[in-house]
Amino acid sequence: MRITVFGAGYVGLVTAACLAELGNEVLCLERDPARIALLERGQLPIHEPGLAELVTANVGAGRLRFSSDADGGMAELQFIAVGTPPDEDGAADVEHVLQAARTIARRMAGFQVIVTKSTVPIGTAERVRAAVQQELDARGSGLSFAVVSNPEFLKEGAAVHDFMQPDRIVLGVEAGTAGRRAAALLTALYEPLNRHHPRTVWMDTRSAELTKYAANAMLATRISFINEMANLADLIGADIEAVRCGIGADQRIGYSFLYAGCGYGGSCFPKDLQALGRLASEAGQPLRLLRAVEAINNDQKLMLGQRILARFGDDLHGHVFAVWGLAFKPDTDDVRHASALVLIGQLLRANACVAVYDPVAHATARRALEQDRSLGPEALARLRYASDPMNALQGADALAIVTEWKQFRSPDWRQVKALLRQPVVFDGRNLFEPRLMAEAGIEHHSIGRPPRARLAMASAGAALPAQGGQNA
Ligand code: UDX
């Protein structure tokens, strides 16, 4: 099939490359010529495992092209995957989506299906329809078209896999002939992904738009729930990892997305929760639960810093701290709303020196921290980007781990102890087993795995199943 994808951002690129890989002829429209030149050389503006290879292979095979000229994009299937940044009120701004819709309408020469991939407020499909219709009316054109809502559920770091092996494909279609025609086209498009077992969930466009927000809200709720339980476990001497296994065994609950830690970040959860909160309030039903989820998460991001201050004093002048992990999660260089940036800000503002290491996110973190108005040049001068994890530890009073990159999982503890001034580890993602850390002579601060629970576990000779972050 011939397909046009608007936007070579995160969602657009993954969509374009994966649809090309499935054998379609894809034109990806992007306004930024520098980005196009980069992509044509197989270089990606984002770090996403497997994507560069897919782009290079499909550009080479002639199935994937990049252009800034919308005139070439007359395909029957038009995917809109442009950004929907939050406006000052936290609502998702759909202006770029509507602009793409108008561009499509101005060039429409036959029946077209306009598919929104971006995460958009409820009712956007109807606004897209109105924008397209207005342009067609202005042209005096009676062409028919369909609008489909097809939200993406990609996780950064696993986006190609998530596209190719989705848990579900949500398709919101309009009633009527055009909607049925669109459904037939999309059934054919997604047939390779439905071959072994059907994954498509059909619904109306509003439900599809809400499904995306509700999924992210549910996942964020699970994280804030377990974090709140972990904080309680710390106070009462219970082990949150044992509790996770205990509740997860109930199939109604399950184990995933119940890893306690120093809070969620990224571009999706914070942005989508705000947008959902905003649209619910506008609809006359403020979402009290979501407000609590957000508040708990904001507090959780402060937790590691507060514990370091409680352990080393309010003024950290003369102290040095090592931080492993800057990205909001492994396998990405995305630092948007990352817990590491919150911690680094707390430490620098308390006059500490900080040495950080992340396998890929130094450049993105540097840019974000330089834009943080609460940190002046003097504070930033106390921040060092280390060449490797061990280099960050040299002369540090403690190590804080904020992102569970695989390479941080089994460090040489003897070397760690030799490099640190004191063997103190703040384990923001519960990567390490408390008992083993105690045996190694390391003062280990975890999230919800306090010493009292550890002692009882050890004396009972109990062993917990594998633990250590959601990407274990
Ligand atoms: C998320 C959704 O998972 C995806 O379906 C949607 O399309 C976009 O938003 P993403 O933001 O890439 O994807 O990251 P995800 O893997 O979901 O993790 C989000 C954050 O939650 C990370 O900061 C992670 O560390 C944190 N997290 C996740 C926890 O703290 N505990 C968990 O148990 C799981």
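Just so it is clear, the structure is predicted and the values come from calculations on it, not from any experiment. (Residues numbered from 1 in each chain as written. Predicted model: local features only at pLDDT ≥ 70, side-chain atom pairs only at ≥ 80, totals over all residues. Heavy atoms only, no water.)

**Quick word on the packing of helix α9 (residues 205–236) against helix α11 (residues 269–282)**
For step 1, the next point in the chain: For the pair α9 and α11, interaxial distance at closest approach is 9 Å and the crossing angle is 115 degrees. Note that α9 runs across α11; the crossing there is left-handed. Touching L210, K212, Y213, N216, A217, L219, A220 and I223 of α9 are F269, D272, L273, A275, L276 and L279, all from α11.
For step 2, the next point in the chain: Taken together, the residues of the contact of α9 with α11 sort by class into eleven nonpolar, one polar and two charged. (Axes fitted to C-alpha atoms, helices over the stretch in contact; angles between N-to-C directions. Helix = DSSP H or I, 4+ residues; strand = E, 2+ residues; numbered from the N terminus. Left-handed = near helix turned anticlockwise from the far one by under 90°. Contact = heavy atoms within 4.5 Å. Nonpolar A, V, L, I, M, F, W, Y, C, P; charged D, E, K, R; others polar.)

**As for the nonpolar core**
Where a protein is soluble and globular, its nonpolar side chains tend to be buried together.
For step 1, the next point in the chain: Among the nonpolar cores identified, the biggest contains 64 residues, and I308, L326, I344 and L347 are the most heavily contacted of them.
For step 2, the next point in the chain: A total of six residues in this core trace back to one element, the largest contributor, which is helix α13 (residues 339–349).
For step 3, the next point in the chain: In contact with I308, other than residues within four places in its own chain, are G313, L316, F321, L343, L347, A400 and F426.
For step 4, the next point in the chain: By size, the runner-up hydrophobic cluster in this structure holds 45 residues, among which are V5, C28, V148 and I169. (Core = buried A, V, L, I, M, F, W, Y, C linked by side-chain atoms within 4.5 Å. Buried < 20%, exposed > 50% of the residue type's maximum accessible area, 1.4 Å probe, protein only.)

**Some remarks on the sheet that holds strand β14 (residues 443–445)**
For step 1, the next point in the chain: Taking strand neighbours across the sheet as the criterion, the six strands line up as β11-β10-β9-β12-β13-β14 in an open arrangement whose pairing is parallel. Edge positions in the sheet fall to β11 (383–385) and β14, since each has one partner strand and no second. Looking at each pair of strands side by side, their axes are set apart by 20 degrees on average, direction ignored.
For step 2, the next point in the chain: Judged from the three bridges that link them, strand β10 (residues 353–357) and β11 form a sheet pairing that is parallel. Looking across to β11, one finds that A355 is bridged to R384.
For step 3, the next point in the chain: Taken strand by strand, helix α12 (residues 288–312) contacts β9 (320–324), β12 (398–401), β13 (424–427) and β14, and its axis lies near 155 degrees from that of β13. (Pairing = 2+ DSSP bridges.)

**Remarks on the UniProt feature "binding site: NAD(+)" (unreviewed entry) in the chain**
For step 1, the next point in the chain: Look at the UniProt record and you will see "binding site: NAD(+)" (unreviewed entry) annotated at R35, T84, T119, E156, K271 and R336. Annotated residues spanning 302 residues; largest pairwise C-alpha distance 24.4 Å, indicating distribution over more than one region.
For step 2, the next point in the chain: Here R35 lies in helix α2 (residues 33–40).
For step 3, the next point in the chain: Along the chain, the position of K271 falls in helix α11.
For step 4, the next point in the chain: Dropping the residues within four chain positions of it, K271 is found in contact with T84 and P86. (UniProt positions renumbered as here; feature names shortened; annotations may be inferred.)

**A look at the packing of α9 against α12**
To characterise two packed helices, one gives the angle between the axes of the helices and the distance between these axes.
For step 1, the next point in the chain: Orientation of α9 relative to α12, taken along the N-to-C sense of each, is 50 degrees, at an axis distance of 9 Å. Put simply, α9 runs oblique to α12. For the crossing formed where α9 meets α12, the hand is left-handed. Across from A217, A220, T221, S224, N227, E228, N231 and D234 in α9, the residues of α12 making contact are L289, L290, V293, I296, N297, Q300, M303 and R307.
For step 2, the next point in the chain: Class assignment of the residues belonging to the contact of α9 with α12 gives a composition of seven nonpolar, six polar and three charged. (Parallel < 35°, antiparallel > 145°, perpendicular 65-115°, else oblique.)

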